[in-house]
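# Topology and contacts: notes
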Amino acid sequence: MASDRMKTVLITGANPNGIGGGLAREFQKKGYRVFATSRDVSKLSEYAGTGIETLEMDVTILESIQTCRREVERRTEGKLDILINNAGRTCAQPALDQKQSDLREVMETNAIGPMNVTQAFGPLIIKSRGKIVMITTASSLTPAPFSAVYNASKAALNQYSESLRLEMVPFGVRVIRIFTGGVRTNLFRPSRMPNFKEDSSYKQCESNYLQVLEQVTPNMPSADDFALSVVPKIVDMKFSGDIWGGYLASATWFMLKIFPAWLMEYILSSQFGLSKVRY
Ligand SMILES: NC(=O)c1ccc[n+]([C@@H]2O[C@H](COP(=O)([O-])OP(=O)(O)OC[C@H]3O[C@@H](n4cnc5c(N)ncnc54)[C@H](OP(=O)(O)O)[C@@H]3O)[C@@H](O)[C@H]2O)c1
């Protein structure tokens, strides 16, 4: 007999203005029971009265992950259909100038966090033969000046997901990576903008970074439009594999197929003004 249980989805870092918010609204429209989580639930107050359920979870704190898992287990009788590892943070600094605190925070949030969340919620997903979705970035497959640590964190997530995908096959659980291109969110808010050290060898490139960002931002889809484009694939029972969505994601896929590495490196070095750097 078919179950009349409402399908469930849990999204990490689901602030209303970000990709997580777009996904939460789109899943709700599709009839899902949505658990939107944040490390600071007061940021989720906009969901009050919408039916979207809010929970606290800091993906870098094991105890917080466990508390959230117990609450979801209680509310859902131990089953979760879709887990979306969305929480993340950027960091724009030259690799050699990277601040220790940012290095650890980026790795903890973007790589170790999703691994711990997956471990905690995995048994709930297995019970429903559900899906685990990783929000990674298209740029994690290409060089990206001044994003070495961000890209390294997402590249770790990519590889983790590849192996996880195989380990989940016996349970009928699918692992989907979303290679995300540009989406207009607060990810690039002023506090996360490059702030190269005054004596950095790369100081002159900071303006190039900002210029690139200024040029591309108006072309990026909103979080709602992004969600509209990816959710149908996530919920498609026949779909497995990777999704490419957001500004320039498909172009990146195409360039990776046909461009030699040297050409990609040349374009990026010019864009980011690396030829201005002198020893
Ligand atoms: N926007 C893009 O162009 C783009 C491109 C490629 C990939 N992505 C990826 O998409 C995901 C969502 O980013 P976004 O663009 O929607 O930016 P965003 O609005 O800044 O969303 C990131 C979310 O992660 C949360 N977060 C940060 N640290 C956390 C922690 N320790 N525990 C729990 N939540 C935490 C943030 O919460 P706070 O508000 O509390 O910081 C925020 O809710 C990220 O993984 C990002 O790397 C975005």
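Scroll up to find the structure.
As a starting point, this report considers the structure included with it. This is a predicted model, so every value here is computed, not measured. (Residues numbered from 1 in each chain as written. Predicted model: local features only at pLDDT ≥ 70, side-chain atom pairs only at ≥ 80, totals over all residues.)

### Topic: the pairing of strand E6 (residues 174–180)
- Taking burial as the measure, the 7 residues of E6 include 7 buried ones, the bulk of the element.
- The alternating pattern of E6 places Arg174, Ile176, Ile178 and Thr180 and Val175, Arg177 and Phe179 on opposite faces, both of which are buried.
- By the bridge criterion, 7 bridges tie strand E5 (residues 131–137) to E6 in an arrangement that is parallel. Paired with Lys131 across the bridge in E6 is Arg174.
- In this region the chain leaves E5, passes through helix H4 (residues 148–168) and returns to the parallel neighbour E6; the handedness of that crossover is right-handed. (Buried ≥ 20, exposed ≤ 12 C-beta atoms within 10 Å, placed from the backbone. Helix = DSSP H or I, 4+ residues; strand = E, 2+ residues; numbered from the N terminus. Pairing = 2+ DSSP bridges. Right-handed = clockwise from strand over helix to strand, strands pointing away.)

### Focus on the site of the ligand
- Neighbouring the ligand are 28 residues; Gly13, Gly18, Ala87, Gly88 and Thr185 lie closest to it.
- At the level of elements, helix H1 (19–29) and E5 are the ones that each hand at least two residues to the shell around the ligand.
- Of the residues contributing to the shell around the ligand, the split by class is 6 nonpolar, 17 polar and 5 charged. (Near = placed C-beta within 6 Å. Nonpolar A, V, L, I, M, F, W, Y, C, P; charged D, E, K, R; others polar.)

### Notes on the sheet that holds E6
- The 7 strands are arranged E3-E2-E1-E4-E5-E6-E7 in an open sheet whose pairing can be described as parallel. The open sheet has two edge strands, strand E3 (53–56) and strand E7 (241–245), and neither has a second partner. Going across the sheet, the axis of each strand differs from the next one's by a mean of 20°, ignoring polarity.
- Seen against the sheet, helix H2 (residues 62–76) touches strand E1 (8–11), strand E2 (33–38) and E3 and runs at an angle of roughly 150° to E3. (Axes fitted to C-alpha atoms, helices over the stretch in contact; angles between N-to-C directions. Contact = placed C-beta atoms within 7 Å.)

### Considerations on the nonpolar core
- Of all hydrophobic cores here, the largest spans 54 residues; its most connected members are Leu10, Ala36, Leu83, Ile84 and Val133.
- Excluding residues within four positions of it along the chain, Ile84 makes contact with Val9, Leu10, Ile11, Thr12, Leu23, Val133 and Ile135. (Core = buried A, V, L, I, M, F, W, Y, C linked by C-beta atoms within 7 Å.)

### So, the packing of H1 against helix H6 (residues 223–235)
- Closest axis-to-axis distance for the H1/H6 pair is 8 Å, and the angle between their directions is 55°. What the angle tells us is that H1 and H6 run oblique. In terms of crossing hand, the pair formed by H1 and H6 is right-handed. Where H1 approaches H6, its residues Ile19, Gly21, Gly22, Leu23, Arg25, Glu26 and Phe27 are matched on the opposing element by Ala223, Asp224, Phe226, Ala227, Leu228 and Val231.
- When its residues are assigned to classes, the contact of H1 with H6 shows 8 nonpolar, 2 polar and 3 charged. (Parallel < 35°, antiparallel > 145°, perpendicular 65-115°, else oblique. Left-handed = near helix turned anticlockwise from the far one by under 90°.)

### Digging into H6
- Given a rise of 1.5 Å per residue, 13 residues ought to cover 18 Å, and the 18 Å separating the end C-alpha atoms of H6 matches this to within 8%.
- At Ser229, H6 is bent by approximately 30°, the largest bend along its length, and proline Pro232 sits one to four residues beyond.
- Of the positions making up H6, those classed as buried are Ala223, Phe226, Ala227, Val230, Val231 and Ile234.
- In this fold, the buried residues of H6 make contact with H1, strand E4 (82–85), E5, E6 and E7. (Expected span 1.5 Å × (residues − 1). Bend = angle between axes of the 7 residues up to and from the residue.)

### Focus: unusual backbone geometry
- Even without being a glycine, Arg129 presents a positive backbone phi close to 50°.
- Counting through the fold element by element, Arg129 comes out in the loop between helix H3 (100–127) and E5.
- Even without a glycine there, the phi angle at Leu248 is positive, about 70°.

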